[in-house]
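Next come the chains, spelled out residue by residue.
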Amino acid sequence: MNSRILAIASAILIAATLRLVPHPPNFTPIGAIALFSGAMFGRRLLAFAAPLAAMLLSDAIIGFHSAMPVVYAAIALITLIGWALEGRRSIVGVGLASLSASMLFFLVTNLGVWATSGMYPISASGLAACFAAAMPFFQNSVAGDLFYSALLFGGFALIEQAVPALRVTGEPKAA
């Protein structure tokens, strides 16, 4: 089981480094990492620690910002979505979880920006303006979450097929 944990953590570390290379805004692996971590780590503490640590380490390089508490809360919530995939990974399940993660991140982080940044009036029109301004970022989040979820979940399924010792006994094969 230790080799499985090491393989999962390695996949997460590799994906997290991709946040540091040039990319379109919000086209990052962080949502996929949180889903993957929630689905793959049987240990709940590791499921939360891995994506939050990946985010913290990359933020230490990229730079810290005032919205970090809201962003990190969204990542923790996405990890919970990943729990629903534990032992039941499928292409459709991962795709739906990825879309759910994108929507959750969009809602939580933009509510946080609207409520705390001072950029928008605290009114229905201010909230609408905040969400409208964020729509181009949402498109990139969806694309990034789908791409990196396919890469992480699909890549790990291939690795599990090649290295049977990494499989969890009794877990259905990934589709």
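Reading the values: the criteria
- Residues numbered from 1 in each chain as written.
- Predicted model: local features only at pLDDT ≥ 70, side-chain atom pairs only at ≥ 80, totals over all residues.
- Heavy atoms only, no water.
- Helix = DSSP H or I, 4+ residues; strand = E, 2+ residues; numbered from the N terminus.
- Buried < 20%, exposed > 50% of the residue type's maximum accessible area, 1.4 Å probe, protein only.
- Polar contact = N/O pair within 3.5 Å; in protein donor to acceptor, adjacent residues only side chain to side chain.
- Phe/Tyr/Trp six-rings, centres within 6.5 Å; stacked < 30°, edge-to-face > 60°.
- Lys NZ or Arg CZ within 6 Å of the ring centre and 35° of its normal.

A.B. asks: Which parts of the structure should I look at to understand the side chain of D59?
C.D. replies: Counting through the fold element by element, D59 comes out in helix α3 (residues 44-62). Judged by its relative accessible area of 0%, D59 is buried. A polar contact is formed between the side chain of D59 and the side chain of R19, at a distance of 2.9 Å.

A.B. asks: What's the story with the packing of aromatic side chains in this structure? I'm lost.
C.D. replies: The geometry of an aromatic ring pair is captured by the separation of the ring centres together with the interplanar angle, meaning the angle of the planes. In the structure shown here, the tally under the stated rule is 8 aromatic pairs. Taking 5.2 Å as the distance between ring centres and 45° as the angle between the ring planes, the aromatic pair formed by F106 and F131 counts as tilted. With F106 in helix α5 (residues 91-116) and F131 in helix α6 (residues 124-162), this pair connects stretches of sequence that are 25 residues apart. We note that F106, like F131, is buried. Among the aromatic residues, those joined into a cluster by ring pairs are F27, F147 and Y148. The cationic tip of R44 hangs over the ring face of W83; the distance from NZ or CZ to the ring centre is 3.9 Å.

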